[in-house]
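Per-entry structural report
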Amino acid sequence: VSAAGTVEADAYKYKQPREHYLSLSPIDFTPNDGGQAWSRNYGPAGGGAGAGNSRLGNTNFMCAPVHLPQGAIVTNVLAHYYHSDPILALAQLKVELKRRRLWNASDTPMATLIAARPQPNGTYSMETSVIFNPSIDNRDFGYWVYAGPESPCPDANWDCVHHPIYGVVITYTVTGVD
């Protein structure tokens, strides 16, 4: 569009979908239980800032809200984390993008990432482009990221401190501007 002055339109559609990124840092994550001890700190050996809770148990996890534009299409989820388990854990870190139906609070996974095992201590990344129900519908759903043990978790001593989440990047496309 080339024009002088003010241009008004009901909507603008791109020739091709435009790719965008939503980055979640450790500061975005909090424990699922407000009474849990948790931290945002630097990983072992200067591994980088991570978020984790120190309460032992196989039901503890970290979570972060996700806010994407209506109609966006999620195309990829990438997670960065540190593994410093003093023993070979029976369960590994799972990071999941979830959508929650607003009128009955039921969660459905959109993307699931499970860390490989066994892993020596270190920084790792995992990603997937397999996204279920990728279209964002903010009228009926809320969106969030889960970071905790894979389930069912057989390890009653699993904790997020030894699997701190460094960040999650959600790639999505939009076709226009409203």
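Residues numbered from 1 in each chain as written. Predicted model: local features only at pLDDT ≥ 70, side-chain atom pairs only at ≥ 80, totals over all residues. Heavy atoms only, no water.

1. Section: the pattern of salt bridges
Pairs can form between side chains of opposite charge whenever their charged atoms are close. Just so we agree on the cut-off: Salt bridge, as used here: a side-chain nitrogen of Lys or Arg that lies within 4 Å of a carboxyl oxygen of Asp or Glu. In this scheme, a residue with accessible area under 20% of its type's maximum is buried, one over 50% is exposed, and one in between is partly exposed, where area comes from a 1.4 Å probe on protein chains only.
Inspection of every chain in the model, using the stated rule, returns 3 salt bridges. The salt bridge involving Glu96 is made with Lys94; its shortest N-O contact spans 3.8 Å. Look at Lys94 and you get buried, because its relative accessible area is 10%. Residue Arg100 is joined to Asp107 by a salt bridge in which the shortest nitrogen-to-oxygen separation is 2.7 Å. Connected through salt bridges with shared partners, the residues Lys94, Glu96 and Lys98 form a single ionic network.

2. Here's the deal with the sheet that holds strand E10 (residues 141-149)
This is how it is decided: Following DSSP output, two strands are said to pair if at least two bridges run between them. Secondary structure elements follow DSSP: runs of H or I of four or more residues count as helices, runs of E of two or more count as strands, with numbering from the N terminus.
One open sheet holds the 5 strands; their spatial order is E2-E5-E10-E7-E8, and the pairing between them is antiparallel. Two strands in the sheet have a free side with no partner beyond their single neighbour: strand E2 (30-31) and strand E8 (107-114). Relative to strand E5 (residues 62-66), E2 runs antiparallel, the two being bridged by 2 bridges. Each bridged residue has a counterpart across the sheet, and for Thr30 the counterpart in E5 is Cys63.

3. Focus on the confidence of the model for the protein chain
Our working rule: Known as pLDDT, the predictor's per-residue confidence is scaled from 0 to 100. Contacts are assigned to residue pairs that have any heavy atoms within 4.5 Å of one another.
Mean pLDDT over the protein chain: 80, with 72% of residues reaching 70 or higher. Considering only residues more than four positions removed or in separate chains, one finds that residues 42-49, a stretch of pLDDT under 50, has 15 contacts.

4. Focus: the packing of aromatic side chains
The way to describe two aromatic rings as a pair is by their centre distance and the angle between their planes. The test is simple: Two aromatic rings from Phe, Tyr or Trp, using only the six-membered ring of Trp, form a pair when their centres are within 6.5 Å; if the ring planes differ by under 30 degrees the pair is stacked, by over 60 it is edge-to-face, and anything between is tilted.
Under the counting rule described, the total for this entry stands at 4 aromatic pairs. Seen from their ring centres, Tyr81 and Tyr124 are 5.8 Å apart, and the 25 degrees between their planes marks the pair as stacked. Placement of Tyr81 in strand E6 (residues 73-83) and of Tyr124 in strand E9 (residues 122-128) is noted, with a sequence separation of 43 residues between them. The class of Tyr124 is partly exposed, set by a relative accessible area of 22%. Between Tyr82 and Tyr166 the ring centres are 6.2 Å apart and the planes differ by 35 degrees, which places this aromatic pair in the tilted class. Here Tyr82 is found in strand E6, whereas its partner Tyr166 is found in strand E11 (residues 165-177), with 84 residues between them in sequence. Accessibility assignment for this pair places Tyr82 and Tyr166 in one class, buried.

5. Here we look at the environment of Val174
Relative to the assigned elements, Val174 resides in strand E11. Look at Val174 and you get buried, because its relative accessible area is 11%. Sequence spacing of Val174 and Val74 is 100 residues, and the spatial spacing of their C-alpha atoms is 9.2 Å. In contact with Val174, not counting residues within four places along its chain, are Tyr14, Pro17, Arg18, His20, Pro69 and Ala72.

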